Amino acid sequence: MERTTIAVDLAKTVFEVAVANERGQVTERRRLTRPQFTRLLRMQAPSRVVMEACGMAHHWGRFHPGAQT
C-alpha cells in the first residue's frame, strides 16, 4: 500500500490542501472548505497529515475520522 501525505494550510474558511504520494510527488491540489476537508479526511485511507503549528492545528490533530462531529 502506498503511503499518502496530506499537507494543509489552515485558514478560517478555506484550506489549501496538497496530496503527495510516498515519493513526495504532489498528485492533487485543492481548496477546501472546513466541511469538505472533514469529508476528505473521512474518505481518505490512513495518511500522514502535516500542518502548520497553530491553535487550529490542535483541533485537527485530535480529529478522528470515524467519530461524529
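Conventions and cut-offs
- Each chain has its residues counted from 1, following the order in which its sequence is written.
- Per-residue local features of the predicted model are confined to residues with pLDDT of at least 70, and side-chain atom pairs are confined, for both listing and counting, to 80 or more; whole-chain, interface and lining totals are unaffected and use all residues.
- Only hydrogens and water are set aside; all other atoms, that is, all heavy atoms of the structure, feed into the side-chain values.
- Per the convention used, a helix needs a DSSP run of H or I reaching at least four residues, while a strand needs a run of E reaching at least two, with both numbered from the N terminus.
- The classification of residues rests on relative accessible area computed with a 1.4 Å probe and restricted to protein chains. Under 20% of the type maximum is buried, over 50% is exposed, and intermediate values are partly exposed.
- Note on contacts: a residue pair qualifies if any of its non-hydrogen atoms lie within 4.5 Å across the two residues.
- Note that the arc is computed from the directions linking the helix axis to the C-beta atoms.
- Criterion used throughout: strands pair if DSSP finds at least two bridges between them.
- Think of a nonpolar core as a cluster: buried Ala, Val, Leu, Ile, Met, Phe, Trp, Tyr and Cys residues, connected wherever their side-chain atoms sit within 4.5 Å.
- Each pair of aromatic rings taken from Phe, Tyr and Trp, with Trp reduced to its six-membered ring, is defined by centres within 6.5 Å and is described as stacked if the planes are under 30 degrees apart, edge-to-face if over 60, and tilted in the remaining cases.

**Student:** Teacher, can you tell me more about the side chain of Thr38 here?
**Tutor:** Its location among the elements puts Thr38 in helix 1 (residues 34-43). Taking relative accessible area as the criterion, Thr38 reaches 12% and is therefore assigned buried. Discounting residues that sit within four places of it in the chain, Thr38 has contacts with Trp60 and Phe63.

**Student:** Explain helix 1 to me, please; I cannot follow it from the model alone.
**Tutor:** The periodicity of an α-helix, 3.6 residues per turn, causes residues three or four places apart in sequence to face the same way. Among all positions in helix 1, only Phe37, Thr38, Leu40 and Leu41 are buried. Axial view of helix 1: buried residues confined to an arc of 160°, hence all on one face. Across helix 1 from its buried face, at more than 90 degrees, point the exposed residues Pro35 and Met43. In this structure, the buried side of helix 1 is in contact with strand 1 (5-9), strand 2 (14-20), strand 3 (26-33), strand 4 (48-51) and helix 2 (55-62).

**Student:** What's the story with the pairing of strand 1 in this structure? I'm lost.
**Tutor:** Residues in a regular strand point their side chains to alternate faces of the sheet. Bridge count between strand 1 and strand 2: 5 bridges; the pairing is antiparallel. Following the sheet pairing, Asp9 is matched in strand 2 by Glu16. The hairpin turn running from strand 1 into strand 2, its antiparallel successor, is 4 residues long. When strand 1 meets strand 4, the two strands line up parallel, connected through 4 bridges. Bridge pairing in strand 4 places Ala7 opposite Val50.

**Student:** Help me understand the nonpolar core, please; the structure alone is not making it clear to me.
**Tutor:** Taken as a class, soluble globular proteins show a tendency for nonpolar side chains to be buried jointly. Judged by nonpolar contacts, the single largest core of 13 residues is most densely connected at Val8, Leu10, Phe15, Val17, Phe37, Leu41 and Trp60. Where this core is concerned, the elements lending two or more residues are strand 1, strand 2, helix 1 and helix 2. With residues up to four places along the chain from it excluded, the contact list for Phe15 reads Val8, Asp9, Leu10, Arg30, Arg31, Leu32, Arg34, Phe37 and Trp60.

**Student:** What am I meant to see in the packing of aromatic side chains here?
**Tutor:** Aromatic ring pairs are reported here in terms of the distance separating the ring centres and the angle at which the planes meet. Considering all chains together, one arrives at 1 aromatic pair under this definition. Between Phe15 and Phe37, the aromatic rings sit 5.3 Å apart at their centres with planes inclined by 85°, giving edge-to-face as the arrangement. Separated by 22 residues along the polypeptide, Phe15 in strand 2 and Phe37 in helix 1 bring together distant segments of the chain. Residue classification places Phe15 among the buried positions, given a relative accessible area of 0%.

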